[in-house]
Structure formats: structure tokens, C-alpha cells
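Observations on chain architecture
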Amino acid sequence: MNKLELFIDGEFVASRGDGIEVTDPATQEVICEVPFATADEVDRAVQGAKETFRAWREVPTPERARLLFAYQDLLKKHQDDIARDLCRDTGKTWEDARGEVWRGIEVVEHACSIASLMMGETVENVARGIDTYSLVQPIGVCAGITPFNFPAMVPLWMYPLAIACGNTFILKPSEQDPTVPNRLMALLKEAGAPDGLVQVIHGGREQVDALLTRPDIRAVSFVGSAPVAKAVYAKAAANGKRVQALAGAKNHLVVMPDADKEQAIASLVGATCGAAGQRCMAISAAVLVGGAADWLPDLAAAMAAVRPGPWDDEGAGYGPQITRAARQRILDAIESGKAEGADCLLDGSECGVPGYPKGNWVGPTLFANVTRDMSIYAQEIFGPVLVTSTVATLDDAIDLVNANPFGNGVSIFTSSGGAARRFQREIEVGQVGINIPIPVPLPFFSFTGWKDSFFGDQHAYGKQAVRFYTETKTVTARWFDEAPVYGPNMTIRLK
Ligand code: NAD
């Protein structure tokens, strides 16, 4: 069987670690074996990244930007190849897979403007003859740990900006769909990256622990589920590292009775079922205000019209869940919702797809009359399951959302500017959509989840990521020598 390689010091190398099988989620066919890197291999990756850092930090900023320009060009040329791998590994639909690659390329494009992003500040004459200015410098070896649901985009949130800032990087991709990061590395090498600039070690918990404790690693970017994010944050911080840990979510969409009904329903269906609900910004809870509750039968009908299927089925709205275990976890959540007394208006537990009897399918599922204490409301289900609650007023909706511990994304659908403005001011969630169901900011902003959806200070990508991957040095300077006098051929003659 094809055993995936590690990428260390510019070469793909066989790992001596044991591995696990990676399977196609629509067929269960084995794609490859992913190795779990040994401690020696992790050490080699860290040592190589440390050595490369010494040279890379001296490379002029415009030259570093030029590598990123070449990289984004190659990523665009290979967008379809990467998307095809994503379809096989994750089961995403073709459009969804291409979209994921594009969202990653946008971060690389942004990283190309690193010279402007790393500018310091100056105040001349803070006292007579004294100037103060700040330098923005790289921090060293950084590490990234990424989840299964965006095996291209989330790594691309991290290392392009980290290396643009002058750092080196070690990536530990999800072991559930690990092939795409290797392809991303082959393209980075082709773009001209020096050996050791970005290293990839495959593995799971043990390899993550190694990265969190190795003293030479200065900063850790993590994206994954809330319990793991919290533990990773605590361990990395206890080991003296700078950490940003992006976590899970329960994203609400508030539907006001004055909303455009057709748009609101279409958005709810797309944002719940798209990518099989395996998005950290998926909508998984709808709050129907006043008369919007009457739209439930139409919402159920619209969700029932969506069906999962394999990536090349153009009629499929979304693909399979990533693993059998993930599918089973969702089926268990649906059962607990029924047992807790929520009304199951649409049940996707028995979903099958002709020709794909072994696929990890879950059909669209809709619950009504869900209360805060039910586990289907409290937990992130991470599947095509929408729970709905009915409230009387906008205030009630805001209270409900604010009481939820997660704060990744939220959306309101309304035709009232006043309602929308009050919502954006009072809602305690970091990314707000107004008549937009999935308000993921483009890379010149940052990805600003709040509360239990984020542990750390500086967020992913955008200006905040540049602060995360750099150190600011403030210089206060005074000179005692006289200004030199220039001769006619620009030689300096001291008086
Ligand atoms: P996960 O937490 O299971 O795994 C994420 C990474 O952590 C993987 O690389 C995995 O190998 C590693 N890991 C798993 N268990 C670990 C442990 N006990 N100790 C150390 N490392 C461990 O997450 P997942 O299932 O791959 O991804 C889905 C989750 O990620 C969802 O909760 C989703 O909301 C979240 N997510 C959040 C964002 C965001 O921006 N906030 C983006 C994408 C995904």
C-alpha cells in the first residue's frame, strides 16, 4: 500500500513510524497509509527548521514576497489537481473543493503584500535629537496543527503568512485526510522555497504533544474541536509558546419576520447542508422570531429537496461525512434529540445513496422546538442537522445567542436596518453576517471567533496573524556625530 511520506528539509522522506489507513469516505476504499512520525523524525524537522530560520530571516522582504508570488501562481495552475484530491479524500463536491483551494490561494495573495504588512512606526524627535521607531521581526520556528474539514485551506491560513514574515514552519495535518498538504509542499518546493522552510510531519496526538513541548518552537497555530483546542492552548502556553487555537462552534441564524423568506430559507439550507455540515462556520441553529416560525414547513420541504452524493454527481448538494465514526456520532445526536423531546421534522438517519452502499451518508435533518438544555443544542454536531427554536422578539433572539458558550459566527436575516444595526452591536459573537449566512472574512481581515470558539489573543490571517508571527522591537536612537558633508561625487568627507 502507498505509504504517505513526510516532507523534511525539502525532500519527501519515508517515515519509520507505524501508520493507519486513510479511506475514501464515499466508498471506504483505502487511499493510502498515513505514518505517525517518530520522535527522531520530529526532532529532525525541528532542527532543520531552526537552521533554515537563520538564513531565511536574512532574506530581504521583497524576495520573500517573490516566493509567495510564484507560489500563488502555481497554486492557481494546479487548483483543479488539488481539488480532485480533496474530492477523493474528503468527499466534497467539485465546486466546494475548488472553492476551498481558492480561499487558501487568497491568503497567499495577501501574504504577497508582506512588505506593507510588516511596516513599523516612527516618531521623530521624541526628545531633542532623539527618534523612536519600531522594527517588526520574525520570531523563529512556528508550528501548525490542522483539522480534517479543510485540508488545503486551513494550512494555507497559516504557513504562507508565517514564512512571509521570515519564520520557518512545521505543519502537522489532520491524519484523516493528509495527502493534500504533501501536494502543497511539492508546489512550494517548485516555487523555489529553500529546504527546511516548511516541514510536514504526519501523525496524531503524540506528534502534536511533541510540537507543543519542543523548546525550539516559538508559536503554535491550532485549528480543531473545542476540547482539543482548549487543551492544546493550555499545554503550549504552559511551555512558553505563543498560541492561537481556533475551536468549534454552534452558529445561529436569526430569522426576523420581515426577512426575505425565499433568501432566508435558501441560505439556511445551504449553510446547514453545504460540505455535509462539516464547516466551523456552518449554520446549525436557527432562531425564528415571531411570524418567521410559520416558515418551518417550507424550510423542511427545502431541506428535503437536498440530497448527498459522490463528488462527481452534479445533482448532489453535499458529500459524505469524513468517517464511519463521524457519521455514527451524528446519528447518535439525532437519536438523543428525539429522546429529549425535540420535534424531528426531517430525519436523515436512514439516508442511502444508490451505488455507494458503504458511504458515510447522513441526510438533511431538521428539529423544531429545541430548548437550550437539549444536547443537540448544546453540542456541535458537525453534520447536516439544523435545530430550530422559536422566540417572540429580537431581544429574546440576542439573549439566546449570547447565552451560548460558542462565538464563532452568527447571522441575521431582516429587511430592517435598525434591527440589523442593533444586532451587530449587541451580539457577542466574533463574525456577524447581515443577510449573509456564512460571514467568513477575506484574508485582509482576520478570522475573529470569540468565546469558546477561540483561545488566544491574535487571530488567524490578516493583520492579526502578522502580529502573531512577529515580534516588535522598539528602538530609541540618538547620534552624537556631526552630519557628514558630501563631496561632488557623493563620497563622504567628515569635517
Ligand atoms: P480535532 O480536534 O479532532 O483534530 C484537529 C487536530 O488536532 C488534528 O490534526 C488532530 O490530529 C489533532 N488532535 C486530535 N486530538 C488531539 C488530542 N487529544 N491532542 C492533541 N491533538 C489532537 O478536529 P477535527 O475533527 O479534525 O476538525 C473538526 C473541528 O475543527 C470542528 O470542531 C470544527 O468546528 C473545528 N474547526 C474550527 C475552525 C475555526 O476556524 N474555528 C475551522 C475549521 C475547523
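The model shown is predicted, which means the values in this text are computed figures rather than measured ones. (Residues numbered from 1 in each chain as written. Predicted model: local features only at pLDDT ≥ 70, side-chain atom pairs only at ≥ 80, totals over all residues. Heavy atoms only, no water.)

1. Focus: the sheet that holds strand β6 (residues 130-138)
For clarity, the cut-off: One bridge is not enough; two strands pair if DSSP finds at least two bridges between them. The secondary structure listing takes helices from DSSP runs of H or I that are at least 4 residues long and strands from runs of E that are at least 2 residues long, numbered from the N terminus. Only C-alpha atoms enter the line fits that serve as axes; for helices the fit covers just the stretch in contact. Angles between N-to-C directions range over 0 to 180 degrees.
With antiparallel pairing, three strands are arranged side by side in an open sheet as β5-β6-β22. Of all strands in the sheet, those bounded by a partner on one side alone are β5 (122-127) and β22 (470-478). The sheet shows a mean angle of 30° between the axes of neighbouring strands, taken without regard to direction. Sheet topology note: the β5/β6 ladder contains three bridges and is antiparallel. Each bridged residue has a counterpart across the sheet, and for Val123 the counterpart in β6 is Thr132.

2. Comments concerning the nonpolar core
Formally: Side-chain atoms within 4.5 Å link the members of a nonpolar core, which is a set of buried Ala, Val, Leu, Ile, Met, Phe, Trp, Tyr and Cys residues. Think of it in three bands: residues with accessible area under 20% of the maximum for their type are buried, residues over 50% are exposed, and the middle band is partly exposed, with areas taken using a 1.4 Å probe on protein chains only.
Counting 62 residues, the largest nonpolar core has Tyr71, Trp157, Phe169 and Tyr469 as the members making the most contacts within it. Counting residues per element, this core draws most heavily on helix α6 (residues 153-164), which supplies 10 residues.

3. Details of α6
As a reminder of what qualifies: A helix is expected to span 1.5 Å for every residue after the first.
Look at α6: 17 Å from first C-alpha to last across 12 residues, which is about the 16 Å you get at 1.5 Å a residue. Among the 12 residues that make up α6, 12 are buried, leaving the element largely enclosed by the rest of the structure. Listed as buried for α6 are Met153, Val154, Pro155, Leu156, Trp157, Met158, Tyr159, Pro160, Leu161, Ala162, Ile163 and Ala164. Gly166 sits one or two positions beyond α6 and adopts a positive phi of about 105°.

4. What about the site of the ligand?
Rule in force here: When we say a residue is near a molecule or strand, we mean one of its heavy atoms is within 4 Å of it. N or O atoms closer than or at 3.5 Å make up a polar contact, with two conditions inside protein: a donor-capable atom paired with an acceptor-capable one, and, for residues adjacent in sequence, both atoms drawn from side chains. Every accessible area reported is derived by Shrake-Rupley at a probe size of 1.4 Å, with residue values counting cover from the shown protein chains alone. Three residue categories are used. Nonpolar comprises Ala, Val, Leu, Ile, Met, Phe, Trp, Tyr, Cys and Pro, charged comprises Asp, Glu, Lys and Arg, and polar comprises the others, including Gly.
Around the ligand sit 26 residues, and of these Lys172, Glu175, Ser225, Ala247 and Glu380 come closest. Contact between the ligand and Thr146: an oxygen atom at 2.8 Å from a main-chain N or O atom of the residue. At a separation of 2.6 Å, an oxygen atom of the ligand approaches a polar side-chain atom of Glu175. Calculation on the ligand without its partners gives an accessible area of 840 Å², and the protein chains cover 88% of this total. Of all elements in the fold, only α8 (205-213) and β10 (217-223) reach the threshold of two or more residues within the shell around the ligand. When grouped by side-chain class, the residues that make up the shell around the ligand number 14 nonpolar, eight polar and four charged.

5. Considering the packing of helix α3 (residues 79-90) against helix α7 (residues 179-191)
Condition: Just so you know how the angles are binned, under 35 degrees is roughly parallel, over 145 roughly antiparallel, 65 to 115 roughly perpendicular, and the rest oblique. Take the far helix as the reference: if the near one is turned anticlockwise from it by less than a right angle, the crossing is left-handed, and if turned clockwise, right-handed. The contact rule is simple, with two residues in contact once any of their heavy atoms fall within 4.5 Å.
The N-to-C vectors of α3 and α7 enclose an angle of 165°; their axes lie 9 Å apart at closest approach. With respect to each other, α3 and α7 are oriented roughly antiparallel. Classified by chirality, the crossing of α7 by α3 is right-handed. Contact residues: Asp81, Ile82, Asp85, Leu86, Arg88 and Asp89 in α3; Thr179, Val180, Arg183, Leu184 and Leu187 in α7. Class assignment of the residues belonging to the contact of α3 with α7 gives a composition of five nonpolar, one polar and five charged.

6. A closer look at the pairing of β10
This is how the line gets drawn: Crossover handedness is defined here as right-handed if the route from the first strand over the helix to the second strand goes clockwise, with the strands pointing away from the viewer.
Here β10 lies mainly inside the structure; six of its seven residues are buried. Looking at chain direction, strand β7 (residues 141-145) and β10 are connected through five bridges and run parallel. What sits directly across from Ile145, in β10, is Phe222. Bridging between β10 and strand β11 (residues 242-246) involves five bridges; their strand directions are parallel. Note on β11: the bridge partner recorded for Phe222 is Ala245. The β-α-β motif built from β10, the intervening helix α9 (residues 226-238) and the parallel element β11 has right-handed crossover chirality.

7. Let's talk about the pairing of strand β12 (residues 251-255)
Most of β12 is tucked away, with five of its five residues classed as buried. Burial of β12 is two-sided: the residues Asn251, Leu253 and Val255 facing one way and the residues His252 and Val254 facing the other way are all buried. By the bridge criterion, five bridges tie β12 to strand β13 (residues 283-289) in an arrangement that is parallel. If you follow Val254 over to β13, its bridge partner there is Val287. Each parallel crossover has a hand, and the one from β12 via helix α10 (residues 261-273) to β13 is right-handed. Alignment of β12 against strand β18 (residues 410-413), held across four bridges, turns out to be parallel. Along β18, the bridge assignment pairs His252 with Val410.

8. Comments concerning the state of the cysteines
Going by this rule: Our working definition of a disulfide is a cysteine sulfur pair at a distance within 2.5 Å.
With the rule as written, the count across this model stands at zero disulfides. For Cys87, which is in no disulfide, the shortest distance to another cysteine sulfur is to Cys32 and amounts to 16 Å. What makes Cys87 buried here is its relative accessible area of 2%. With no disulfide of its own, Cys142 lies 8.4 Å from the sulfur of Cys165, the closest cysteine sulfur.

9. With respect to the side chain of Gln278
Note on placement: Gln278 falls in the loop between α10 and β13. In this structure the side chain of Gln278 is engaged in a polar contact, spanning 3.5 Å, whose partner is the backbone oxygen of Pro320. If we ignore the near neighbours within four places in the chain, the residues touching Gln278 are Phe148, Asn149, Pro320, Gln321, Ile322 and Phe382.

10. Structural notes on a nonpolar patch on the surface
Note the cut-off: For patches, a residue must show more than 30% relative accessible area and have no salt bridge; joins then use 9 Å for like charges and 5 Å for nonpolar side chains, namely Val, Leu, Ile, Met, Phe, Trp and Tyr. Salt-bridge detection follows one rule: a side-chain nitrogen of Lys or Arg within 4 Å of a carboxyl oxygen of Asp or Glu.
A contiguous nonpolar surface patch, about 310 Å² in accessible area, is contributed by Leu442, Phe444 and Phe445. Counting through the fold element by element, Phe445 comes out in the loop between β19 (432-434) and β20 (450-451).

11. Details of the environment of Ile412
Take Ile412: it is sitting in strand β18. Between the alpha carbons of Ile412 and Asp40 there is a distance of 51 Å; along the sequence they are 372 residues apart. Once you skip the residues sitting within four places of it in the chain, Ile412 turns out to touch Val254, Met256, Leu394, Ala419, Phe423, Gly433, Ile434 and Asn435.

12. Considerations on the packing of α10 against helix α11 (residues 296-304)
At a minimum axis separation of 10 Å, α10 and α11 run at an interaxial angle of 45°. Accordingly, the angle class assigned to the pair α10 and α11 is oblique. Considering the relative orientation of α10 and α11, their crossing is right-handed. Between α10 and α11, the residues in contact are Lys261, Ile265, Leu268, Val269, Thr272 and Cys273 and Asp298, Leu299, Ala302 and Met303, respectively. Within the contact of α10 with α11, the residues separate by chemical class into seven nonpolar, one polar and two charged.

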